Amino acid sequence: MSNIIEVKDLKKEFKVPKKDKNLSKMKKRLSWFYREWEIKKAVTGIDLEVKKGEILGYLGPNGAGKSTTIKMLTGILHPTSGDIKVMGNLNPIENRNEYTQNIGVVFGQRSILAYDIPVRDSFRLFKAIYGLTEEFYQKRVKYLVEMLGIEPFFETPYRMLSLGEKMRCELAASFLHKPKIVFLDEPTIGLDAEAKISIRSFLKKINKEENVTIMITTHDMDDIEELCQRIVVIDKGTLAYEGSVKKFKETYANSKDVTIHYKKIENKDTWKKLKETIPNRKSDIPKSIIFEFPMNKSLGKFLQDVVKSVEIHDLSIQEPNLEHVIADMYKSSSQKNKGE
Ligand SMILES: Nc1ncnc2c1ncn2[C@@H]1O[C@H](COP(=O)(O)OP(=O)(O)OP(=O)(O)O)[C@@H](O)[C@H]1O
Ligand SMILES: [Mg+2]
């Protein structure tokens with residue numbers, strides 16, 4: 001797969017007012033004149049490649065720099081430095097017109113549709129902006145309206161819609177001009193389970209049918225597990241991981257969940273001793289035990305000992321939960337940073 005986006009050493013700094021608690025009352029009142037400024041580094045040097053036709057998950061804790069990156073990739077923000085090349089040679093700022101014809105954007109926290117007018121009218125506006133022919137527009141609207149199930153409220157003013165309905169309309173609008181790349185910044189934020197499922201299935205389907213490249217930021221790990229072939233994790237503005245979800249779990253997961261149901265205990269003493277070696281027992285009821293088994297220890301060896309102590313009825317080993325792995329990773333990196 002060839003790269004559709006190539007980013008080299010991308011940086012974004014913001015000038016923010018310095019917080020000075022020791023400022024006198026008088027100076028506080030005239031803070032505009034006395035204010036000192038400092039540089040806040042939001043993105044501190046990111047190299048990124050997005051492959052044509054992939055769904056890439058762009059992850060990181062709050063404040064990591066995800067939205068800032070998306071804003072630079074969509075031409076909303078000027079990078080402080082670095083290089084962005086899209087579809088060969090397009091730059092989001094220098095080639096703005098051609099670029100916007102090829103991309104779609106959804107910000108989960110901000111709307112691209114007009115608040116007071118029916119959704120259909122906003123779509124008409126986009127038709128004009130993108131210069132779409134009537135024939136293309138009619139066909140496209142039909143396709144998107146059907147796929148996202150937005151027909152019942154397509155004539156309703158945007159402000160009257162529920163959050164889930166709004167987001168489905170936003171998505172339809174962002175795909176209206178059949179873009180080659182769509183950037184989604186938290187498209188499922190605040191949505192209920194059903195709305196999330198319908199959005200995920202839409203994204204999967206359109207990605208497959210049109211080979212559209214999708215870059216998505218989300219804090220919902222089910223979005224990632226279901227949609228993304230590859231993830232990039234950033235932390236404090238810099239790249240922390242790049243690769244498959246599977247490899248990510250293998251690298252960062254500390255433990256996996258094991259459940260053992262047993263018929264009877266063959267050897268009480270060895271079973272008791274064995275259980276003491278398991279630090280994270282989640283549940284320990286008669287004839288059943290659930291625990292977290294550390295990744296760095298041999299589960300095979302452990303199970304051999306279990307077989308000597310109890311008669312196993314059923315055994316299941318669960319893949320590490322992505323949510324926990326990500327949380328552990330964020331936690332350990334913030335502890336590392338505090339220690340520095
Ligand atoms: N316009 C701005 N002026 C000053 N600082 C900003 C601005 N925009 C973002 N920042 C800062 O840059 C950092 C990165 O913000 P960004 O919104 O990119 O994070 P994020 O990864 O999208 O987080 P979240 O998961 O909470 O959406 C934060 O510390 C934020 O306060
Ligand atoms: Mg954000």
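A. Quick peek at the packing of aromatic side chains. Overall, the coordinates contain nine aromatic pairs when judged by the stated rule. Judged by centre distance (6.0 Å) and plane angle (85 degrees), the rings of Tyr 241 and Tyr 252 are edge-to-face. With Tyr 241 in strand S9 (residues 238–243) and Tyr 252 in helix H10 (residues 245–252), this residue pair connects regions lying 11 residues apart in the sequence. Consider the rings of Phe 248 and Tyr 252, whose centres lie 5.0 Å apart with planes at 40 degrees: the pair is tilted. Remark: Tyr 252 and Phe 248 occur in helix H10; sequence separation between them is four residues, near one turn of the helix. Phe 248 sits in the buried class, given a relative accessible area of 0%. A cation over an aromatic ring shows up here: Lys 127 above the ring of Tyr 137, its NZ or CZ 6.0 Å from the ring centre.

B. Molecular detail of the site of ligand 1. Taken together, 14 residues form the shell around ligand 1, and within it Gly 63, Lys 66, Ser 67, Thr 68 and His 219 come nearest. At 2.7 Å, a side-chain N or O of Lys 66 approaches an oxygen atom of ligand 1. Take Thr 68: an N or O atom from its side chain is 2.5 Å from an oxygen atom of ligand 1. If you list the elements that add at least two residues to the shell around ligand 1, you get strand S1 (3–17), strand S2 (37–51) and helix H3 (66–73). Considering each element in turn, the shell around ligand 1 owes the most residues, three residues, to H3. Along the lines of polarity and charge, the residues of the shell around ligand 1 split into five nonpolar, six polar and three charged.

C. Representation of the domain arrangement of the protein within the structure. Structurally, the protein comprises domain 1 (3–8 + 50–250) and domain 2 (255–319). The C-alpha-based centres of domain 1 and domain 2 are spaced at 45 Å.

D. Quick look at the pattern of salt bridges. Inspection of every chain in the model, using the stated rule, returns 22 salt bridges. A salt bridge links Lys 11 to Asp 9; the shortest N-O distance between them is 4.0 Å. According to the relative accessible area criterion, Lys 11 is partly exposed, its value standing at 28%. For the salt bridge of Asp 305 with Lys 308, the shortest nitrogen-to-oxygen distance reads 3.7 Å. Placement of both Asp 305 and Lys 308 in helix H12 (residues 299–309) is noted, with a separation of three residues, approximately one turn of the helix. Look at Asp 305 and you get partly exposed, because its relative accessible area is 23%. Given the relative accessible area of 60%, Lys 308 is considered exposed. Salt bridges sharing partners connect three or more residues here, namely Lys 196, Arg 200, Asp 220 and Asp 223.

Calculation rules
- Residues numbered from 1 in each chain as written.
- Chains lettered and ligands numbered in written order.
- Predicted model: local features only at pLDDT ≥ 70, side-chain atom pairs only at ≥ 80, totals over all residues.
- Heavy atoms only, no water.
- Phe/Tyr/Trp six-rings, centres within 6.5 Å; stacked < 30°, edge-to-face > 60°.
- Helix = DSSP H or I, 4+ residues; strand = E, 2+ residues; numbered from the N terminus.
- Buried < 20%, exposed > 50% of the residue type's maximum accessible area, 1.4 Å probe, protein only.
- Lys NZ or Arg CZ within 6 Å of the ring centre and 35° of its normal.
- Near = heavy atom within 4 Å.
- Polar contact = N/O pair within 3.5 Å; in protein donor to acceptor, adjacent residues only side chain to side chain.
- Nonpolar A, V, L, I, M, F, W, Y, C, P; charged D, E, K, R; others polar.
- Domains from an automatic or database assignment.
- Salt bridge = Lys/Arg side-chain N within 4 Å of Asp/Glu carboxyl O.

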